[in-house]
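# What the coordinates show
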Amino acid sequence: MRNFADLIRKLDSTTKTTLKVKALAKFFENASDEDRVWTIAILSHRRPPRPVNTTLLRKWASELSNIPLWLFEESYHIVGDLAETIALVIPNTESHSDKSLSEYLSEMIALKAEDDDFKKTYVTDHWRQLNYYERFVFTKLITGGFRIGVSQKLMTRALSQTTGIDEDILAYKLMGKWDPNTISFEDLVLKEKASDFLSKPYPFYLAYGLETAAADLGAIEDWSIEHKWDGIRSQTIIREDHLFVWSRGEELVTDKYPEFHPFATEIPNGTVLDGEILPFPDKAIGTFKDLQTRIGRKTLSKALLEKTPVILKVYDLLEWKGDDLRQQPFVKRRAILKDLMSSLSSKDLPIYLSEIVECQSWDEVAKERDRAREMRSEGLMIKRKDSTYQVGRKKGDWWKWKTDPLTIDAVLTYAMRGHGRRSNLFTDYTFALWNANGEELVTFAKAYSGLTDAEFRKVDAWIKKNTIERFGPVRSVTPKLVFEIAFEGIAKSSRHKSGYATRFPRILRWRQDKKIEEANSLQDLETLIPV
Amino acid sequence: MTKPLLVFNKNGIFCEQANVYLDPWYPVDRAIISHGHADHSRYGHRKYITHHTNVLIIKHRLGPINVTGKAYNETFVINNVKFSLHPAGHIIGSSQIRVEYRGEVWVFTGDYKLEDDGVAVPFEAVKCHSFITECTFGLPAFKWTLQSKVFEDINHWWATNKEDNQTSVLFGYSLGKAQRLLKYLNTDIGKIYTHGAIENMTEVIRPMVDFPETTRITKETTKKDLLGNIVLAPPSAHGSTWIRKMVPYVTASASGWMAFRGARRRRAVDKGFVLSDHCDWQELLTAIEATGAEKIICTHGYTEIFSRYLREQGYDARTESTQFEGESSESETKEEVDKAS
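Residues numbered from 1 in each chain as written. Chains lettered and ligands numbered in written order. Predicted model: local features only at pLDDT ≥ 70, side-chain atom pairs only at ≥ 80, totals over all residues. Heavy atoms only, no water.

Under an unreviewed UniProt entry, chain B has the name Putative mRNA 3-end processing factor and belongs to Winogradskyella epiphytica.

Quick reminder of the rule: UniProt positions are given in the numbering used here, feature names are shortened, and annotations may be inferred rather than shown by experiment.
By the naming in an unreviewed UniProt entry, chain A goes by DNA ligase (ATP) and is assigned to Winogradskyella epiphytica. You can read under Catalytic activity (unreviewed entry) in the UniProt record for chain A the words "ATP + (deoxyribonucleotide)n-3'-hydroxyl + 5'-phospho-(deoxyribonucleotide)m = (deoxyribonucleotide)n+m + AMP + diphosphate."

## Description of the overall build of chain A
Going by this rule: Secondary structure counts use DSSP, requiring at least four H or I residues in a row for a helix and at least two E residues in a row for a strand, with both numbered from the N terminus. We compute the radius of gyration from the C-alpha atoms alone; for a globule the expected value is 2.2 Å times N to the 0.38, where N is the number of residues. Under the scheme applied here, a residue whose accessible area is under 20% of the maximum for its type counts as buried, over 50% as exposed, and between as partly exposed, the area being computed with a 1.4 Å probe on protein chains only. When checking whether two residues touch, look at their non-hydrogen atoms; a contact exists if any pair is within 4.5 Å.
Secondary structure summary: chain A contains 19 helices and 22 strands in total. Since a compact globule built from 531 residues should have a radius of gyration of about 24 Å, the 26 Å found for chain A is in line with a globular shape. Across the 531 residues that make up chain A, the buried fraction comes to 53%. Relative to all contacts within chain A whose residues are 6 or more apart in sequence, the contacts with residues 24 or more apart total 70%.

## Quick look at the sheet that holds strand E5 (residues 47–51) of chain B
Residue and element names in this part refer to chain B. For clarity, the cut-off: Two strands form a pair only when DSSP identifies at least two bridges running between them. As a rule, the C-alpha atoms of each element are fitted with a line to give its axis, helices using only the stretch in contact, and angles between N-to-C directions run from 0 to 180 degrees.
The strand order E1-E2-E3-E4-E5-E6 describes an open sheet built from six strands, whose pairing is mixed. On the outer flanks of this sheet lie strand E1 (7–9) and strand E6 (67–70), each paired with one strand and no other. Going from strand to strand, the sheet's axes swing by 30 degrees on average, the running direction of each strand aside. The pairing of strand E2 (residues 12–15) with strand E3 (residues 20–22) spans three bridges and is antiparallel. In the sheet register, cysteine 15 faces E3, and the bridge partner there is valine 20.

## Quick word on the sheet that holds strand E17 (residues 271–273) of chain B
All names here are of chain B. The sheet built from six strands is open, its strands ordered E14-E13-E15-E12-E16-E17 with parallel pairing. Sheet topology places strand E14 (215–216) and E17 at the edges, where each strand pairs with a single neighbour. The sheet contact formed by strand E12 (residues 167–171) and strand E16 (residues 249–254) spans five bridges and is parallel. Bridge pairing links phenylalanine 171 to serine 253 in E16.

## Section: a negative patch on the surface
Residue and element names in this part refer to chain A. What counts, and what does not: Surface patches are defined over residues having more than 30% relative accessible area and no salt bridge, joining like charges when they lie within 9 Å and nonpolar side chains (Val, Leu, Ile, Met, Phe, Trp, Tyr) when within 5 Å. Surface accessibility in these figures is a Shrake-Rupley result with a 1.4 Å probe; residues are shielded only by whichever protein chains are displayed. Should a side-chain nitrogen of Lys or Arg be within 4 Å of a carboxyl oxygen of Asp or Glu, the pair is scored as a salt bridge. His is not counted here, nor are the chain ends, while Lys and Arg score as positive and Asp and Glu score as negative. Every charge is mapped onto a representative atom, which is NZ of Lys, CZ of Arg, CG of Asp or CD of Glu.
On the surface, Glu114, Asp115, Asp116 and Asp117 cluster together into a patch of negative charge. Relative to the helices and strands, aspartate 117 resides in helix H8 (residues 116–129). Residue classification places aspartate 117 among the exposed positions, given a relative accessible area of 63%.

## Quick word on the domain arrangement of chain A
All names here are of chain A. The condition that has to hold: An automatic or database domain assignment supplies the residue ranges for each domain. Buried surface area refers to the total accessible area, computed with a probe of radius 1.4 Å, that the two partners give up upon joining, counted for both partners together.
Taken domain by domain, chain A comprises domain 1 (205–402) and domain 2 (406–526). On a C-alpha basis, the centres of domain 1 and domain 2 stand 34 Å from each other. Facing the five residues of domain 1 at the interface are seven residues of domain 2. The junction of domain 1 with domain 2 conceals about 550 Å² of combined surface from both sides, 45% of it contributed by carbon and sulfur atoms. Of all residues in domain 1, the largest losses of buried area upon contact with domain 2 belong to Phe288, Lys289 and Arg373, amounting jointly to 66% of the total for that side. Linking domain 1 with domain 2 are two salt bridges. With its nearest N and O atoms 2.3 Å apart, the salt bridge here joins aspartate 230 to arginine 503.

## Describing the nonpolar core
Selection criterion: Only buried Ala, Val, Leu, Ile, Met, Phe, Trp, Tyr and Cys residues count toward a nonpolar core, and they belong to the same one when joined by side-chain atoms within 4.5 Å.
Counting 102 residues, the largest nonpolar core has Ile40(A), Val123(A), Trp127(A) and Phe138(A) as its most contacted members. Element by element, the count of residues in this core is highest for helix H9 (residues 132–143) of chain A, at seven residues. Residue assignment places this core across two domains, with domain 1 (7–141 + 277–330) and domain 2 (147–273) of chain B each supplying three or more. When sequence neighbours within four positions are dropped, the list of residues in contact with Phe138(A) reads Met1(A), Tyr104(A), Met108(A), Tyr122(A), Val123(A), His126(A), Trp127(A) and Leu130(A).

## Things to note about the environment of Leu64(A)
All names here are of chain A. In this structure, leucine 64 sits in helix H4 (residues 54–64). Sequence separation between leucine 64 and isoleucine 86 is 22 residues, and the spatial gap between their C-alpha atoms is 9.8 Å. The contacts of leucine 64, once residues within four sequence positions are left out, are Ile90, Pro91, Thr124, Trp127 and Arg128.

## What to know about the pattern of salt bridges
Residues and elements named next belong to chain A. The full count for this structure, using the stated rule, is 48 salt bridges over all chains. Across the pair arginine 511 and aspartate 513 runs a salt bridge whose closest N-O atoms are separated by 2.8 Å. Through salt bridges that share partners, Lys228, Asp230, Glu378, Lys402 and Arg503 make up one connected network.

## Brief notes about the interface of chain A and chain B
It is common to report an interface's size as the accessible area lost on association of the parts. Each partner contributes to the interface: chain A provides 32 residues, whereas chain B provides 26 residues. Roughly 2,600 Å² is buried in total at the junction of chain A and chain B, and carbon and sulfur atoms are behind 51% of that figure. There are two salt bridges connecting chain A and chain B. Between Asp270(B) and Lys16(A) there is a salt bridge, with the nearest N and O atoms lying 2.9 Å from each other. Looking at the side of chain A that touches chain B, the elements with two or more residues in it are helix H1 (2–12), helix H5 (69–79), helix H6 (82–89) and H9 of chain A. Among the elements that line the side of chain A that touches chain B, the one with the most residues is H5(A), at six residues.

## Here's the deal with unusual backbone geometry
With an omega dihedral of -5 degrees, the bond running from Val247(B) to Pro248(B) counts as a cis peptide bond. In this structure, Pro248(B) sits in the loop between strand E15 (230–233) and E16.

## Notes on the domain arrangement of chain B
All names here are of chain B. The condition that has to hold: Two N or O atoms count as a polar contact when they lie within 3.5 Å, although within protein this holds only if one can serve as hydrogen donor and the other as acceptor, and sequence-adjacent residues are included solely when both atoms are side-chain atoms. Amino acids are sorted into nonpolar (Ala, Val, Leu, Ile, Met, Phe, Trp, Tyr, Cys and Pro), charged (Asp, Glu, Lys and Arg) and polar (every other residue, Gly among them).
Partitioning chain B into structural domains gives domain 1 (7–141 + 277–330) and domain 2 (147–273). For domain 1 and domain 2, the distance between their C-alpha centres works out to 29 Å. Counting residues at the interface gives 24 residues for domain 1 and 20 residues for domain 2. Here domain 1 meets domain 2 over a buried area of about 1,900 Å², counting both sides, of which 66% is carbon and sulfur. The interface formed by domain 1 and domain 2 contains two salt bridges. The tally of links between domain 1 and domain 2 comes to five residue pairs in polar contact (both at pLDDT 80 or more). Here the residues of the side of domain 1 that touches domain 2 are counted per class, giving eight nonpolar, eight polar and eight charged.

Encoded structure:
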């Protein structure tokens, strides 16, 4: 634990990527195999189930630090991280722990089954005995969500430096489902086993947003254009009569989409498809909001499956007849994909090809982009015809050219403190629009991003001086500031007070030139809904 | 009911009986000033009264002003109201202001801390009935470490950076924090370079305190001169073009806010040292108890939370809003820093 806490302290002490990787690589070099596996698991968000609920943690922390619970809660709102708050309020000691990280995790897994008295003794004894950083890490392991400014990519890079294994191969090995409690470092990282590869997806290739004029990409003949679908990016694998559906978050979601289960027998073995899961109510592509009714649902009712079925819109073929096609040019992969799709056409499967849009000029591309909302897409994908299928987000060969967002001017009405690097700053805002008679402001969206740090500081200071009422971490503020809010889509919603749900709302800019009377109304919002 | 001895009005904390303001934020006739930070000592008052040491500081900051110096514990009477200044331990020349009229005693802390930092005269508790206190860090999440330990860490950080062939850039406010840092930097490791705003302020204070030698950074200073040495700079120099001269460098900030990981990340400094010239949670409680006061008025900081806690402890505590800003923007104005770059 001492070494792991020391690693976290080092990662905390620098903003430079190279130094973070160096610290991680050094840790991996010296750590035991068990600690290595657990570190990989934690930094790739595979934590064990939470052994103690946070209500109890708060209660015990306030008792141990001899402060009332409300004061602990207020401190938590301000610090913005529960484990950090606990580490800060509990009386300090300088002592270390000799137990290893993996010993702690085994104890925490066992702890889940114990009664509350036992849990309390275990947790509070450790709080008393560990120094600040170890206490913070210990508590973070309990509360989970280890976000400390180290992406999985950095972790993989460090592991690659330590083991000498290629970074892309490591990324591939670490994907998917594995249990840190049972797997060995040898099995997870070092050894190659054929059976492991049955369900294993390939790392996704992600596109960057277009930064220049599309015409600057060069000759249109070199590029392939298709729509950018607004669903869940997924990889669908058919191997040895088994079907595996992965989401981009490297989550196995096969069970959530029973519509796809016939693929296991109807699509040839040794096939891996890259495509988008899209809602398909009334035999047409729906909105992302339709899809949300399917996401996160543990049990799928028959009614829901009938109301909101899904389809797979495929755009790439990564494996064919068991061969990895990723080094083949895009057009070649597409040609095989097209053949595959026509062989399936008679079978009435919920799988469709993402059509290539033939364009003779960049002007035609721009015109097609204008049709995006009508096509229920987010814009266009522009892929170089001879591009290989790369790993992760890479510039150069694939670009996304999204439609311009919808925008509206809204009034800031509520604010909440942020988390992480924005803790103690009011950065999470609620915005309102005028109702029909222009007398009342109605909440329509929340947004957390889009301002610069300097602007956030300014707005934060303003909020502190213009608070009307406090509701826990939330403050209502005098309606005075107007912001231009951008969003990707809008749909009617009975669950929202305004009657509308917006997709990915964010702040475009602070309209310091506008008074609240000049903000938009709900009717203005309604005119933005596509027919 | 008689009128309170001190009231909060639009200009600041006002003693009507003496027609005097304490640290007013708009121009007034007569102002008693607790210390030299910009949010407490502002432009435009006709007469200033402050501690002898702070006279030099605010003259440097505000230019030619009409100012009278007083010693600590020296009583001066204005229209039957007895005033005196007492060490606040916040920065050099900082005072608490004691106000007494017809047996009733009020104390206004300005800003303060209890730990003896070796530069400022240490805080002395003053008995009073009503205590007007800052509570910049009035949350139980704030617990300072002894400064000897913090300076060990800072010097260790500098030495490590030097081994890695990097220049260390340490941010601290040009009045107060910078001199406190300067005092304990270990010159066996290397040379101390200063940003102009810090050097100017240190020149004013140097006759009163024994500081190590410093070198002002000028246009002629080269990267090679700086390499492996330490640079003291005001926080607003972070991200400026001025700092490019230091490449390759590592940054650190010394402030109470560095207790929060989020604050460290937000400021994008590599390292945060938790070092404040304000009281932490326990120091505030200790100081309040030592005054024997029953009435507590919380001015800047986590006022609502802190006063609610005090009320639960049996104090008659309330909040007043002021224009003091605590550790967020203290001491220098942006123009002062820009001018000295």
